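Below are the chains, spelled out letter by letter.
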Amino acid sequence: MEIHKPDAHRREYAYFELPNQLKVVVGSDPHCDKAGAALTVNTGLCDERKDLPGLAHFLEHMLFTGTKKYPKEGEYSEFVKQNGGTTNANTGCYTTNYMFQVKVEALEETLDRFARFFSEPLLTKDCTDREINAVDSEFQAGLTHPAWRDIGILNMSANPAHPFHVACGNNKMLRDDPKEKGLDLYEEMLKFYRDFYSANGMTLSVIGKESIPELEAMIREKFSVIVNKNLSLPRGDAVSDQPPFLPKEWNRLLLQSPVKDVKTLKFSWVLPWQAPLWRSKPKAYATHLLGHEGSGSLTARLKERGLIASCVSSGGGWLEGAFSLLHVQFVLTDGAVHEVEEIGKLLFTYIGMLQKVGAKQWILEEMQRLHRIQFKFMPDRQPFSLAASIAANLQVHPPAEVLSGPVLIYDLDVTGAQEILERLTLEAVRVTHQAKVLEERCTERDSSYDSPMKFEELPDAWRESWCNALHAGSTAEEAVKAAEAVGLHLPHPNPFIPEDLDLKALATPNPVLPRRLQGGEVTRYLFHRQDDVFLQPKALFLCVIRSSLMPSTAMNALRATVYTHIVQEALSEYSYDADIANCSYSLDIGEGSIIFMAGGFHDKLGVLIQAVAQKMVEIGTSSLDSVPENYYRIVVDRLRDGLRNQAFHSQPLSQAKLRFNELSRRVGVFAPEEFLKELELLTREKICGIVSELFSCCHAEAMIAGNQTPEDAQKLVRDLEETLKIPSTMQELKTIEEAAVPSGRTLWNLESTDKDDPNHAVVAKWQLSRGVREACFLQIVNKILSPKFFDILRTQQQLGYVVGMGIGPSTHFNFLTAQVQTEFPPDYVRSRIDAFFEEHFKWLEEGLEEEEFQTCLKGALSELQMKPKNLSEEFGRYQSEFFQRTYDFDRRDRKIQFLESGQVTLQSLRAFVAEIRAAPLFYVQVRKVLDKEDKPLPENAVVPKDPPDLRILQGYEEGRQQRDELFRTWLPINNKIELMT
């Protein structure tokens, strides 16, 4: 059997079925540098007892507590991480997914551990309370998130007679409620595993360097022992003869008051399960048109009137299995929060036109063509995500189409597309209106997340208005006229569908890293690499334009941000066709610069770049008309919401990272609160003239890669300069600086800015030199300690759901970071972090054995040797060096050389630990302000007193005021402009 694959997938695929009916797809690539596997089980939340919500998710956690052969808890995770890999799992409504990735040499050993979770798991009873706490921490992490609140309300409004329900689970659901009902959660979990985890419902994908026969033999040995219970689980309409939602209960208005600054209006319909229709994908026609942003589209018209900031048409994702969903969701502007009737009127006018003119063959053919091009040139992926998607797809698609089935439109089904359109009726819609201004009307609470909400009947006036819009005209011609009267019409043929898909001739020899070319008058730094690896007709373009206007003040940075966003809004109708034809761009600001990125098929990339550049010189001139009021209002409303959410509704860990960045960077970094203050003073008039201010004196740098010759790259830059017409160039960039953390230990205590979040956060950062040597040793230390840190602080001590270690460079330094988001007192958690590192630094110096060191050394090396799977991954490896102006594009290769040099030994690692101990350590603690008691300390636990040499900053203002006294050494980011000789 031949498996249909994209051109970029050079591995060989094969399908086979084990004697126990477990279905397998393997991918063999003798040149791969990472291996991976994933297994999907055809059971999930909707198969558990409805009176034990969260049971399936709890089982997913319990499954990893050990196996008969490998009984040590956490052994699997530690083995994978030390061998250069990662693991994950997730539970959906009708499937549960498990996956891992490791270095290629460790595949068989990892598979041996992985397979036993499904044949001989211990499901250790002693871990029950701990894993309930882990599930509860996961629940708490999503407590204020709008998406989870939506799911909670969907759950409570489902038909009680239908099996559909969805719940993450928490302490109440998994510990307290079962006890009250006289149920033994552990025994119910065992029963769920025995009843629903069957080999004939499992699909497996394994990616490795071994040959197909070798992979097959490996899998047959390890997975054939999984028991086949000949289980058949119903899906789609077969799940129940009852509807998942009662029509009268569904067809209502749902009001929600969110925690975050979110203003949305969503129209939702329940459809028959669409997965079996994968060949024709009839729902795609409706979502394509309802989410279209081009000329005459619903989105374009609503934006033109200043009613919405964006529109997305989507499905139900992992909630689907018994049914499917179709959503049309609008993000509202401030002035349109109460314009529900008008927005709905335009929506139903458009739907009415689509229904009456009928599904168009030419639109389906264009979609089919776009999907074919998309699949043919689909980039390859790392085994972790690739194996996971294959295993999941194999649940629905035949083996030959497991890669292509989710993408291609095989059959043009005009009738099927029309049937979906006909289901979009007023009698079948649920309308969800979400905004803070609805708080007083939201007098009820959802049963899962306790969020303010209320169901109401759709007002009669809305129904009448929308009914008239939906049925405007009795013929197609009349419906088209009614739509055109309000500015709506079908899209035109897409001009951005690529035609030139040929590869360009390569220079010999072709540089393996980006090479500096002679740029333009303003773009004096131009780096280029023509692709000779992925061989696709695609290219990527990145241009950083540094302006003398920035980064002087928060107001100027804000003006520039608004300007770039207005450019994108003004171009959105034009660029949307390019976007769906896989040719897209973005425009934003960085530290003192405008960042212009574009990418996709090379054929029309230059056309898109020129269109953006032309719009850049048309917006923000001295004329007020150059700052369209509708786009200005959309941008400012969206920016205000985003800044408010960043300032007042960020998770504690995000706050800690944001504040540290503010404190340790000087010039060009502004707090969201500063931007909000300036935003209140901003007017349209202040955007007028900004284009001449921004581009009066600049220095630009570009990096271009892919199917572009050096001459192509130079032409793109010249054309951009010709359009922007920048009159003068900077001779030196403005200085942006990074702080050296003071020696010793410093603690910065902050109050959370999110009054509703129940968590604290503790972040510890050790700052070391940015050298390659330090980076390599830190990578090995992290490889050794991070799984132990996770196991001890999260699994054993249960300090929180978000627990982890990591490493990363800044412009001048390498950082070793440890972080915990927690409901325990933060000082106690900090003491646990300190205790862990005190114990384990000593263990590294005295107790680490050669075998474990060598395993982690090879694991670190395998991560660095991992080749990018597509052009975007390769380009991404160079971006940080480009943005930071180090141009150190061979840094990764030098790390590999150092690790292979023999200089990294167990003894040298032990010596390096002393350098970490001596390195400056900076803690950021974010304390919750929510009036909720912390979790009690474990028995006999105490919060130790802070050492006398700990430097403590209390509060945000004290930290900002003492910054220059605290940070005595500031290192400038490269601001020199060197001409190419």
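Since we're looking at a predicted model, the values are computed, not measured. (Residues numbered from 1 in each chain as written. Predicted model: local features only at pLDDT ≥ 70, side-chain atom pairs only at ≥ 80, totals over all residues. Heavy atoms only, no water.)

### A closer look at the overall build of the protein chain
- In terms of helices and strands, the protein chain carries 33 helices and 29 strands.
- A compact globule built from 981 residues would reach a C-alpha radius of gyration of about 30 Å, and the protein chain, at 29 Å, matches this within 12%.
- Along the longest, intermediate and shortest principal axes, the C-alpha atoms of the protein chain span 85 × 75 × 60 Å.
- Relative to its full complement of 981 residues, the protein chain shows a buried share of 61%.
- A fraction of 85% describes how many contacts in the protein chain between residues 6 or more apart in sequence connect residues 24 or more apart.
- A total accessible area of about 38,100 Å² is found for the protein chain, and carbon and sulfur atoms account for 50% of it.
- Here the protein chain contributes 111 positively and 138 negatively charged side chains, and the mean placements of these two sets differ by 2 Å. (Helix = DSSP H or I, 4+ residues; strand = E, 2+ residues; numbered from the N terminus. Rg over C-alpha atoms; globule rule 2.2 N^0.38 Å. Buried < 20%, exposed > 50% of the residue type's maximum accessible area, 1.4 Å probe, protein only. Contact = heavy atoms within 4.5 Å. Areas by Shrake-Rupley, 256 points an atom, 1.4 Å probe, with all protein chains shown as cover. Lys, Arg positive; Asp, Glu negative; His and termini not counted. Charge placed at Lys NZ, Arg CZ, Asp CG, Glu CD.)

### What to know about the environment of Met555
- Mapped onto the secondary structure, Met555 falls in helix α18 (residues 554-580).
- In this structure, the C-alpha to C-alpha distance between Met555 and Arg441, residues 114 residues apart in sequence, is 37 Å.
- Those residues in contact with Met555, other than ones at most four positions away along the chain, are Glu678, Leu681, Leu682 and Lys686.

### Brief notes about the sheet that holds strand β25 (residues 802-809)
- As summarised here, the arrangement of the six strands in space is β25-β26-β24-β27-β23-β28, forming an open sheet in which the pairing is mixed. The open sheet is flanked by β25 and β28 (951-954), the only strands paired with a single partner. The average undirected angle you get between the axes of adjacent strands in this sheet is 15°.
- Where strand β23 (residues 745-751) and β28 come together, four bridges link them in parallel fashion. Each bridged residue has a counterpart across the sheet, and for Asn749 the counterpart in β28 is Gln954.
- The strands touched by helix α27 (residues 826-846) within the sheet are β23, β24 (760-769), β25, β26 (813-822) and β27 (921-927), with β24 carrying the most contacts at an inclination of about 35°. (Pairing = 2+ DSSP bridges. Axes fitted to C-alpha atoms, helices over the stretch in contact; angles between N-to-C directions.)

### As for the UniProt feature "domain: Peptidase M16 C-terminal" (unreviewed entry) in the protein chain
- As annotated by UniProt and renumbered to match this structure, "domain: Peptidase M16 C-terminal" (unreviewed entry) occupies residues 186-369.
- Helix makes up 38% of residues 186-369 and strand 19%, whereas the separation of the span's terminal C-alpha atoms amounts to 52 Å. (UniProt positions renumbered as here; feature names shortened; annotations may be inferred.)

### Brief notes about the UniProt feature "domain: Peptidase M16 middle/third" (unreviewed entry) in the protein chain
- Taking the UniProt record as the reference, the feature "domain: Peptidase M16 middle/third" (unreviewed entry) is found at residues 375-665.
- Between the end C-alpha atoms of residues 375-665 there is a gap of 43 Å, over a span that is 40% helix and 18% strand.

### As for the pairing of strand β10 (residues 324-332)
- In terms of burial, β10 is a largely internal element, seven of the nine residues being buried.
- Pairing geometry for strand β8 (residues 264-271) and β10, over eight bridges, is antiparallel. Among the inter-strand pairings, Leu271 is bridged to a residue of β10, identified as Ser324.
- Judged from the six bridges that link them, strand β9 (residues 308-314) and β10 form a sheet pairing that is antiparallel. Bridging across to β10, Ser313 finds its partner in Val328.

### What about the side chain of Lys788?
- Looking at where Lys788 falls in the secondary structure, it is placed in helix α26 (residues 772-796).
- Of the residues examined, Lys788 reaches a relative accessible area of 14% and is grouped as buried.

### Observations regarding the packing of aromatic side chains
- Across all of its chains, the model carries 50 aromatic pairs by this definition.
- Taking 5.6 Å as the distance between ring centres and 65° as the angle between the ring planes, the aromatic pair formed by Phe267 and Trp466 counts as edge-to-face. With a gap of 199 residues between them, Phe267 in strand β8 and Trp466 in helix α16 (residues 460-470) connect regions that are remote in the sequence. Here Phe267 and Trp466 have matching classes, each one buried.
- Measuring from centroid to centroid gives 5.0 Å for Phe527 and Tyr887, while their planes differ by 25°, and the two rings are stacked. Of this pair, Phe527 sits in strand β15 (residues 523-530) while Tyr887 sits in the loop between α29 (871-883) and α30 (891-900), placing them 360 residues apart in sequence. Just as Phe527 is buried, Tyr887 falls in that class too.
- Every member of this aromatic cluster is reached through a ring pair, and the members are Phe64, Tyr76, Tyr98, Phe100, Phe114, Phe117 and Phe118.
- The side chain of Lys229 reaches across the aromatic face of Tyr193, ending 5.4 Å from its centre.
- If you follow Arg885 out to its NZ or CZ, it ends over the ring of Tyr525, 5.2 Å from the centre. (Phe/Tyr/Trp six-rings, centres within 6.5 Å; stacked < 30°, edge-to-face > 60°. Lys NZ or Arg CZ within 6 Å of the ring centre and 35° of its normal.)

### Notes on the pattern of salt bridges
- Enumeration according to the criterion identifies 70 salt bridges in this entry.
- The salt bridge partner of Asp112 is Lys69, with a shortest N-O separation of 2.9 Å. Of this pair, Asp112 sits in helix α3 (residues 107-116) while Lys69 sits in the loop between α1 (55-62) and α2 (75-82), placing them 43 residues apart in sequence.
- Residue Arg745 is joined to Asp834 by a salt bridge in which the shortest nitrogen-to-oxygen separation is 3.8 Å. One end of the pair, Arg745, is in strand β23; the other, Asp834, is in helix α27, and 89 residues separate them in sequence.
- Relative accessible area serves as the criterion here: at 36%, Arg745 is assigned to the partly exposed category.
- Note on Asp834: relative accessible area 22%, which makes it partly exposed. (Salt bridge = Lys/Arg side-chain N within 4 Å of Asp/Glu carboxyl O.)

### Some remarks on the pairing of strand β3 (residues 34-41)
- Burial of β3 is extensive: eight of the eight residues sit out of reach of the surface.
- Bridge count between β3 and strand β5 (residues 96-103): eight bridges; the pairing is antiparallel. Across the sheet, Leu39 pairs through a bridge with Tyr98, a residue of β5.

### Focus: unusual backbone geometry
- Here the amide bond leading from Thr508 into Pro509 is cis, since omega sits at -5°, within 30 degrees of zero.
- In this structure, Pro509 sits in the loop between α17 (476-485) and β14 (515-517).
- Of note in the backbone geometry, Asn230 takes a positive phi value of approximately 50° without being a glycine.
- Its location among the elements puts Asn230 in the loop between α8 (212-223) and α9 (247-250).
- On the basis of relative accessible area, Asn230 is assigned to the exposed category, the value being 57%.

### Some remarks on the nonpolar core
- Phe114, Phe118, Phe164, Tyr197 and Phe223 are the most contacted members of the largest nonpolar core, which has 78 residues in total.
- Ranked by the residues each element gives to this core, the list is headed by helix α7 (residues 185-196), at seven residues.
- In contact with Phe118, not counting residues within four places along its chain, are Leu39, Val41, Leu63, Tyr98, Tyr193, Tyr197, Met202 and Ile226.
- Membership of the second largest hydrophobic core comes to 72 residues, among which are Met550, Ala598, Phe601 and Leu694. (Core = buried A, V, L, I, M, F, W, Y, C linked by side-chain atoms within 4.5 Å.)

### Concerning the sheet that holds β5
- Taken in spatial order, the six strands make up an open sheet running β1-β2-β6-β3-β5-β4, and their pairing is mixed. Every other strand in the sheet has two partners, leaving β1 (12-17) and β4 (86-91) as the edge strands with one partner each. Here the strands of the sheet are splayed against their neighbours by 10° on average, with no regard to which way each runs.
- Taken together, the six bridges between β4 and β5 define a ladder with antiparallel strand orientation. Its bridge partner being in β5, Asn90 is matched across the sheet by Asn97.

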